Amino acid sequence: AGAAQAEPAPEDPAKALAALHALRPPGKELVIRLNRMFWADGDAGLARFAALVDGFAREGFRSELQVRYHPPEGRAGDIAGWLEYVRAAVRTFAPRRSVVALSITNEANLPGSPNTSDGFYAGVREALVQGVIAARAEADRLGRGDLSIGFSYAYRNSPQADDAFWEELGARGGPAFAAAVGHVGLQVYPGLFWPPATTDPAGDVLEALTLL
């Protein structure tokens, strides 16, 4: 939290699980969202997140995961290599029935932050479109038609930039992409990007939902 990104304090796993159980509403489900699984981390990253998914499943939680573009050094724009990683991610997580959704890339419309947003990297919009299509096909091949495949969108860079983002996705993807998309994750930062201040955070969230 704060103006700079830094390493967090070490987590106490037992306290974290207790807090998650306390957060789960009576009669409802709390799905755990796991972030920052980078293409750059390869098989080791997939194994690390698989262990997290399995641990949460033992506690009765289902999960969804980001499959981040965040490429290895020198691989930005290597769409064939990226699609190999996407398919490997689906093969890792589709057999785990506790996994309910995969979001392919994160915030491909935001260009400024390589740590948090895949929009920093060359080729990300083609990676998003082709990655969603490939992930859907691989999940279906594995008998997981129920596994939602989608992507996340950060509201909002600027009205003009966001219009161009959606138009480009439609032009690149066409009907095959539209048919493969099962969800769009909306990530909202009232007053951070556009406009750069807010007096009505709840209204900003409602506007973001309405426009999406």
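Going by the structure above, here's the rest.
Not measured: the values here are computed from a predicted model.

Caption draft 1: Expanded view of the packing of aromatic side chains. The tally for this structure, following the rule as stated, stands at 12 aromatic pairs. Where Phe 165 meets Trp 166, the ring centres are 5.3 Å apart and the plane angle is 75 degrees; that geometry is what we call edge-to-face. Pairwise contacts between aromatic rings join Trp 39, Tyr 69, Trp 82, Tyr 85, Phe 120 and Tyr 121 into one cluster. Over the ring of Phe 61 we find Arg 24, and its NZ or CZ is 4.3 Å from the ring centre.

Caption draft 2: Broad picture of the sheet that holds strand S1 (residues 32–34). Ordered by their spatial adjacency, 5 strands build an open sheet running S1-S2-S3-S4-S5, and the pairing between neighbours is parallel. Of all the strands in the sheet, the pair left with one neighbour each is S1 and strand S5 (183–188). Neighbouring strand axes in the sheet, compared pairwise and without regard to direction, differ in orientation by 30 degrees on average. Here 6 bridges tie strand S4 (residues 148–155) to S5, and the two strands are oriented parallel to one another. Counterpart to Ala 154 in the pairing with S5 is Gln 187. Lying over the sheet, helix H5 (residues 159–180) contacts S4 and S5, oriented at roughly 175 degrees with respect to S4.

Caption draft 3: Here's a closer look at a nonpolar patch on the surface. Judged by side-chain polarity, Tyr 189, Leu 192, Phe 193 and Trp 194 come together as a nonpolar surface patch covering roughly 380 Å² of accessible area. Inspection of the secondary structure assignment puts Phe 193 in the loop between S5 and helix H6 (201–211).

Caption draft 4: Focus on empty space enclosed by the protein. Going through the model one piece at a time under the given rule, you end up with 1 cavity of 30 Å³ or more. Its boundaries defined by the atoms lining it, the largest cavity holds a volume of some 40 Å³. Lining the largest cavity we find Tyr 155, Arg 156, Tyr 189, Pro 190, Gly 191, Phe 193, Trp 194, Pro 195 and Asp 204. Its residues assigned to classes, the lining of the largest cavity shows 6 nonpolar, 1 polar and 2 charged.

Caption draft 5: A look at helix H2 (residues 42–58). For H2, built from 17 residues, the straight-helix expectation of 24 Å at 1.5 Å per residue is met to within 8% by its first-to-last C-alpha distance of 25 Å. Among the residues making up H2, those that are buried are Gly 42, Gly 45, Leu 46, Phe 49, Ala 50, Val 53, Gly 55 and Phe 56. Buried residues in H2 make contact with helix H1 (13–23), S1, strand S2 (63–67), helix H3 (79–93) and strand S3 (99–104). Just downstream of H2, Gly 60 is the residue with a positive phi angle, here 90 degrees.

Caption draft 6: Representation of unusual backbone geometry within the structure. The peptide bond linking Tyr 155 to Arg 156 adopts the cis configuration, its omega dihedral lying at -5 degrees. Checked against the element boundaries, Arg 156 lands in the loop between S4 and H5. The residue Thr 105 is not glycine, and still its phi comes out positive at about 75 degrees. With respect to the helices and strands, Thr 105 occurs in the loop between S3 and helix H4 (124–141). Although it is not a glycine, Glu 107 sits at a positive phi angle of roughly 50 degrees. As for its position among the elements, Glu 107 is in the loop between S3 and H4.

How each quantity is defined
- Residues numbered from 1 in each chain as written.
- Predicted model: local features only at pLDDT ≥ 70, side-chain atom pairs only at ≥ 80, totals over all residues.
- Heavy atoms only, no water.
- Phe/Tyr/Trp six-rings, centres within 6.5 Å; stacked < 30°, edge-to-face > 60°.
- Lys NZ or Arg CZ within 6 Å of the ring centre and 35° of its normal.
- Pairing = 2+ DSSP bridges.
- Helix = DSSP H or I, 4+ residues; strand = E, 2+ residues; numbered from the N terminus.
- Axes fitted to C-alpha atoms, helices over the stretch in contact; angles between N-to-C directions.
- Contact = heavy atoms within 4.5 Å.
- Patch = residues over 30% accessible without salt bridge, like charges linked within 9 Å, V, L, I, M, F, W, Y side chains within 5 Å.
- Areas by Shrake-Rupley, 256 points an atom, 1.4 Å probe, with all protein chains shown as cover.
- Salt bridge = Lys/Arg side-chain N within 4 Å of Asp/Glu carboxyl O.
- 1 Å grid on protein atoms, 1.4 Å probe; cavity = no way out; pocket = protein on both sides within 12 Å on 5 of 7 lines; lining within 4 Å.
- Points joined across faces, edges and corners; volume = space filled by probe spheres on them.
- Nonpolar A, V, L, I, M, F, W, Y, C, P; charged D, E, K, R; others polar.
- Expected span 1.5 Å × (residues − 1).
- Buried < 20%, exposed > 50% of the residue type's maximum accessible area, 1.4 Å probe, protein only.

Limitation: the analysis is restricted to geometry and does not speak to function.
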